Every structure is written in structure tokens, then in C-alpha cells.
Amino acid sequence: MNFLHFCVALFVAALAIIFGLAFMQPTVLAKFFRQKTYKIILAGPPASGKGTMGEVLVKELNATVIGTGNILRAEAASGSEVGVKIREVMAAGGLVSDDLVIPAVVSQLEARKEGGWILDGFPRSAAQGEAFAKMIKENDFARPSLILLLEVDDEVAVDRISGRRIDPVTDKVYHVKTNPPPTQEIADRCITREDDTEDRVRERLRIYHENTPKWVHAIEAVGGIPVIRVDAAQPVAAVKAAIDAEIRRYDFLTFLSKITNCGSLVKAC
Ligand code: AP5
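Residues numbered from 1 in each chain as written. Predicted model: local features only at pLDDT ≥ 70, side-chain atom pairs only at ≥ 80, totals over all residues. Heavy atoms only, no water.

Further remarks concern a nonpolar patch on the surface. On the surface, a nonpolar cluster with roughly 470 Å² of combined accessible area is contributed by Leu-4, Val-8, Phe-11, Val-12 and Ile-259. Of all the elements, helix α1 (residues 3-24) adds the most residues to the nonpolar patch, at four residues. Within the secondary structure, Val-12 is located in helix α1. In this structure Val-12 comes out as partly exposed when scored by relative accessible area, which is 48%. (Patch = residues over 30% accessible without salt bridge, like charges linked within 9 Å, V, L, I, M, F, W, Y side chains within 5 Å. Areas by Shrake-Rupley, 256 points an atom, 1.4 Å probe, with all protein chains shown as cover. Salt bridge = Lys/Arg side-chain N within 4 Å of Asp/Glu carboxyl O. Helix = DSSP H or I, 4+ residues; strand = E, 2+ residues; numbered from the N terminus. Buried < 20%, exposed > 50% of the residue type's maximum accessible area, 1.4 Å probe, protein only.)

The structure is reproduced here in C-alpha cells:
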């Protein structure tokens, strides 16, 4: 064995050890591979758990949630002229106009150039996907690390929505069966969302299925942004564990890409 063979063997052995440890001792090594900031598109049909998982992930990923549903609900609640129109569209389960949504998200992203974010509910249409893709190409700060697509069947979504309750004081989301409010006082003040009736949910699901492939295609066309599908029909802890595993894999491939100078590893994620 000459010196070159020896070096290659040593390098491969080192990679194998790191790989092995990463999967055997994920919690120990996870911190080593952790990125400084994460920019995540968290997508999925109504009731797939975007809000629930976003709340859990921000704590760990040093990021803030940019939720278009919440931004639009706040504008609707303000009673402004545009808010009244937004409320009508949301209550019917439709999509609010791209002309209103795109500038709102652009200004949120521009305000968070340095930090991480979890984008819940955007993009949602072909036009939003194309506008975002253009922004990513022109601005490095807007580039998402990855897209997490939470997947649940329509019937699971409808069933979850029927049990969803919101605390108007804290905006916390509960479910009467799987995640009930912790006290009777909170349970008594909880409300249901105006668009959470079965027919509106089915309309939101129809719109979701029609539009998602279009915007995903637009973002994928930018290149280098992995789309990771997660089975979100499992209990919350299992969904969280599945996302953690995917993020660890992403971290590890990003690390390998850096040391081998090979960007395609992350794309293969
Ligand atoms: P938005 O508020 O974003 O609603 P959505 O996408 O329909 O999603 P939901 O909020 O209903 O569900 P979620 O996935 O967050 O699930 P959650 O964690 O709450 O948007 C509302 C409207 O705003 C749109 O219809 C549209 O009109 C407008 N809009 C928003 N963005 C727009 C855009 N970009 N362009 C145009 N219009 C836009 O969970 C649901 C329930 O399930 C809860 O009770 C929870 O406790 C429970 N649950 C969650 N995970 C689990 C689990 N793993 N197991 C069991 N129960 C679970």
C-alpha cells in the first residue's frame, strides 16, 4: 500500500466513524453538526401540524415563525378595509390575493436577513412560488435551507380540524382529544376558527392539492433546496422525532458537502 492509498483509506475510515457515530449517538454529535441558522419552509395541508411543529421547532432551531395565516388573521381582526376583505376570503376557505400576501412575506424576510425563520403557509400558489424563487435567486438571505412537507390524508386532516380549539388569550392551539387545554378555565375560553367547518376544510384541502405541486416545482427549479416529506399522521412526538432525524441528516450532509466541497450531497438529501 503506497502513501496515497493509506491516506484515502484513512479518510474513508474517518468518514465511516463519523457517519456511524452520527447515527448511533445522534444527540451527542447533533450539536457538532448544527447549523448557525435554519431557514425552513414548513408546508402541509390544513391540520397537518404546521403550527404545532413550528412552535416546537423555533425553540430548538433559534428561529422565528413567519406564519401567513396568523399575519392575515391579525389584519382581518384589525377591521381595516383590506382586513374585511381578507376575512371574507379566509372564512370561505379560499386563498387571499397574491398581491397582498407576497409583499407582506417579502417585508418579513427582509426584516430577518440575519436570523433563522420557519415559514408556515407560504408559498401557497404558483405565483407565490415564482415570486419567492425570484427573490431567492437575487438574495442569498432569502434562500431556504430545506422544505419540510408534512403529509397527512384528507380524512385525518378533517378529523383533526373538528377537534381543534384555540385559546384567544395566548393563541395556543389545542385538540379536544390529543392535546386538551390544561385547565378548565382555558378550556372554557377556547374558540373554534371560523374556517374550521368540514366544508371549508375540504375546500382548503382541494386548493392545497391543486397548488402545492406548482409552487414546489418553482422552488425546486432554483436548485439545491431539498424537499423532505414527513409522515405527519403520527402522534406529535413521533412527527417531531422524524423531523429531528431529517434535520440531523441535513446537517451531516451539509458538513460533508463543506469538507468535500461537493454541494450535490445536500441536494441528494
Ligand atoms: P393557515 O392558518 O395557515 O391554515 P392552514 O394551512 O389551513 O393550516 P391550519 O392552521 O389549519 O393547520 P396546521 O397545519 O397549522 O395544523 P395545527 O398545528 O393547527 O391559513 C388559514 C387561511 O389563511 C388559508 O385558508 C388562506 O385563506 C389564508 N392564507 C394563509 N396563507 C396564505 C397564503 N400564503 N396565500 C394566500 N392565503 C393564505 O394542528 C391542527 C390540529 O391538529 C390541532 O388541534 C393540533 O393540536 C392537532 N395536531 C397537530 N399535530 C398533531 C398530531 N401529530 N397528532 C394529533 N393531533 C395533532
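Further notes follow.
The interhelical angle for the contact between helix α4 (residues 68-78) and helix α5 (residues 81-91), taken along N-to-C directions, is 125°, at an axis separation of 7 Å. One element, α4, and the other, α5, form an angle in the oblique class. The interaxial crossing formed by α4 with α5 has left-handed handedness. Listed contacts from α5 to Gly-69, Leu-72, Arg-73, Glu-75 and Ala-76 of α4 are Val-82, Gly-83, Ile-86, Arg-87 and Met-90. Each residue belonging to the contact of α4 with α5 can be placed in one class, and the counts come to five nonpolar, two polar and three charged. (Axes fitted to C-alpha atoms, helices over the stretch in contact; angles between N-to-C directions. Parallel < 35°, antiparallel > 145°, perpendicular 65-115°, else oblique. Left-handed = near helix turned anticlockwise from the far one by under 90°. Contact = heavy atoms within 4.5 Å. Nonpolar A, V, L, I, M, F, W, Y, C, P; charged D, E, K, R; others polar.)

Turning our attention to unusual backbone geometry. A cis amide bond links Phe-122 with the next residue in sequence, Pro-123, at an omega value of 0°. Note that Pro-123 resides in the loop between β3 (116-120) and α7 (126-138). Phi at Asn-62 is positive, roughly 55°, even though this residue is not glycine. Checked against the element boundaries, Asn-62 lands in the loop between α3 (50-61) and β2 (63-67). The exposure class of Asn-62 is exposed, given its relative accessible area of 60%. The residue Asp-171 is not glycine, and still its phi comes out positive at about 65°.

Time to look at α7. The first and last C-alpha atoms of α7 sit 18 Å apart over 13 residues, in line with the 18 Å expected at 1.5 Å per residue. Where α7 is buried, its residues meet β1 (39-43), α6 (98-111), β3 and α10 (198-220). (Expected span 1.5 Å × (residues − 1).)

Turning next to the side chain of Asp-167. Topologically, Asp-167 is positioned in the loop between β5 (164-166) and β6 (173-175). Separated by 2.8 Å, the side chains of Asp-167 and Arg-189 make a polar contact. When near neighbours in sequence (up to four residues on either side) are disregarded, Asp-167 contacts Lys-172, Tyr-174, Ile-186, Arg-189 and Cys-190. (Polar contact = N/O pair within 3.5 Å; in protein donor to acceptor, adjacent residues only side chain to side chain.)

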